[in-house]
Structures are given as C-alpha cells and as structure tokens.
Amino acid sequence: ASVGSAGRSSSLRCAATSGLENQSLILVISSRLRANVFFWLTSMSCASFIEESGTMFTSSQDAPVTRAQFVLMLWRMAGKPAAAQKAEFTDTANGSWYLQALDWAVETGCVNGISATQFGPDAPITRQQATAILFRYSGGQVGAEAMLTGVYAQSFTDSGKIAAWATDAVWWAVYHGLVSGTGNNQIAPEANASRAQIAAILLRYMDQFMTETEAAA
C-alpha cells in the first residue's frame, strides 16, 4: 500500500477520550474496513479496544511498544514491501521476526538506528522516535506547520525536551492531528509510546494520508 497524500478515507475515524492520547482509545470503523482493521490491529497487538456492534475487544493498552514492533506495524501498513538489501546492525539476530520489516525501513530511510551499529529492537520506542520514523515514511518534508512552530513550542511546556532531530517530525505530527499531547500541556517527547497511543497515531495517519483502498489493503 503506497501513501496517497490526497486520498483521505472518510470512513475510518479514531478519537481518544477527552482528546488525550493516554486515555482509553475508541475506534469507530466503517463496515467495509472493520474486519481488516481489526485483524491489522490485533495481529500487531496495538489496540486498546475496538467497538464493533457493542462488542469490546480488549488488550493491554498501556503496554509500551518496542522499536521492532513499531517497524513491523509500519511495514505491514505499507503492504509488506520487499527490500533489496539487508540492514546491518550488530544487535539483530538472524531469523528474527522483524527483520524483513527492518530491512525495508532502513532501505527506505525511515529508520537510522540508535547508533551507527545498533537498532535497539527490544527498547521501547519513544513518542518522538515514533513520529520521526512516521515523518520520514511520509516523505520527510516540512510543510505549513513551519509557520506555527513558535506557537506549538509555547503551547507545550516541555517542548524544550524535543530532540533537535525530532523537532520537525513532532510539529508535523501535531499540525496534522496525529498527536495532541498527554495532558497538562505536555507533549512528552521522551516518554515511551503505549499501544493505545501508537494505534491512535497510525489510524489517524491512515485517515489523513491513505485512501480507503490503501487502508484496507
């Protein structure tokens, strides 16, 4: 599934209670996408619950997502494309379940690793790491949000904690409504991203940047 910047799905909607990413996530999904998205979410263990005809499917919504898990989610969202080259990190074992996804993520420039030689597959992914990877996947181009960075920086009291390499990505994610903060005027860039937060971010991304066909692929 390629990224369609102009094709917005009107039938996939994701909202967080009170607008905060760390509270119970409610997913409202159209009948055509419901089964596919439910499989997609449950297969990656990232949703807190899905509301389908009054039935709740629960999982550990506050558990952290690892870097390997997030790369696998993104790779599946992209349609499981094959990579021409192998990623070379010293901390990834041959035969690991995430290697195809990691090969693709490195080849496309989405992932750089936590150092020149290490990926950190089992480390929890932080909120700014997740947005940076998603920003690169989307093309890594700064848009209209550049005019609002000063406003955003003043709106979040912990904006000074955002790493220089993640600043463009975080404000891009805020501008497009992918992240909205964790409460008390906090963006929490260094905090570990939970399953519920990642589910919300990815589903909002699908709604913003992918057509219904791409989202259901």
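Up top you'll find the structure we're talking about.
Rules behind the numbers
Residues numbered from 1 in each chain as written. Predicted model: local features only at pLDDT ≥ 70, side-chain atom pairs only at ≥ 80, totals over all residues. Heavy atoms only, no water. Phe/Tyr/Trp six-rings, centres within 6.5 Å; stacked < 30°, edge-to-face > 60°. Helix = DSSP H or I, 4+ residues; strand = E, 2+ residues; numbered from the N terminus. Buried < 20%, exposed > 50% of the residue type's maximum accessible area, 1.4 Å probe, protein only. Axes fitted to C-alpha atoms, helices over the stretch in contact; angles between N-to-C directions. Parallel < 35°, antiparallel > 145°, perpendicular 65-115°, else oblique. Contact = heavy atoms within 4.5 Å. Nonpolar A, V, L, I, M, F, W, Y, C, P; charged D, E, K, R; others polar. Core = buried A, V, L, I, M, F, W, Y, C linked by side-chain atoms within 4.5 Å. Salt bridge = Lys/Arg side-chain N within 4 Å of Asp/Glu carboxyl O.

Peer 1: What am I meant to see in the packing of aromatic side chains here?
Peer 2: Describing an aromatic ring pair means giving the distance of the ring centres and the angle of the ring planes. Counted according to the given criterion, the structure contains 10 aromatic pairs. Ring centres of Trp-97 and Tyr-98 lie 5.1 Å apart, and the angle between their planes is 85°; on these two criteria the pair is classed as edge-to-face. Measuring from ring centre to ring centre gives 6.4 Å for Trp-172 and Tyr-205, while their planes differ by 55°; the resulting arrangement is tilted. With Trp-172 in helix α6 (residues 167–175) and Tyr-205 in helix α7 (residues 195–209), this pair connects stretches of sequence that are 33 residues apart. For the pair shown, Trp-172 and Tyr-205 are each scored as buried. Put simply, the rings of Trp-104, Phe-135, Tyr-137, Trp-172, Tyr-205 and Phe-209 touch in pairs and so form one group of aromatic residues.

Peer 1: What am I meant to see in the packing of helix α2 (residues 67–77) against helix α3 (residues 99–107) here?
Peer 2: The packing of two helices is summarised by the inter-axis angle and the distance between the axes. With their axes 8 Å apart at the nearest point, α2 and α3 run at an angle of 75° to one another. In terms of axis orientation, α2 runs roughly perpendicular to α3. Residues Val-71, Leu-72, Leu-74 and Trp-75 of α2 lie in contact with α3, whose contacting residues are Gln-100, Ala-101, Leu-102, Trp-104 and Ala-105. Looking at the contact of α2 with α3 residue by residue, the classes come out as eight nonpolar, one polar and no charged.

Peer 1: Please clarify how the nonpolar core should be interpreted in this entry.
Peer 2: Where a protein is soluble and globular, its nonpolar side chains tend to be buried together. If you look at the biggest cluster of nonpolar residues, it comprises 50 residues, and the most contacted ones within it are Met-77, Leu-134, Tyr-137 and Tyr-205. Elements that contribute at least two residues to this core include exactly α2, α3, α4 (127–137), α6 and α7. Looking at this core, the element that brings in the most residues is α2, giving eight residues.

Peer 1: It is not clear to me how the pattern of salt bridges should be interpreted in this structure. Could you clarify?
Peer 2: If charged atoms from side chains of opposite charge come close, those side chains can pair. What the rule picks out here adds up to one salt bridge. Between Lys-86 and Asp-103 there is a salt bridge, with its nearest N and O atoms 3.7 Å apart. Here Lys-86, found in the loop between α2 and α3, pairs with Asp-103, found in helix α3; they are 17 residues apart in sequence, far enough to count as distant. Judged by its relative accessible area of 67%, Lys-86 falls in the exposed class.

Peer 1: Whenever I open this one, the environment of Ala-200 confuses me. Can you help?
Peer 2: In this fold, Ala-200 is placed in helix α7. Its relative accessible area of 1% is what places Ala-200 among the buried residues. Taking C-alpha positions, Ala-200 is 7.6 Å from Leu-178, a pair spaced 22 residues apart along the chain.

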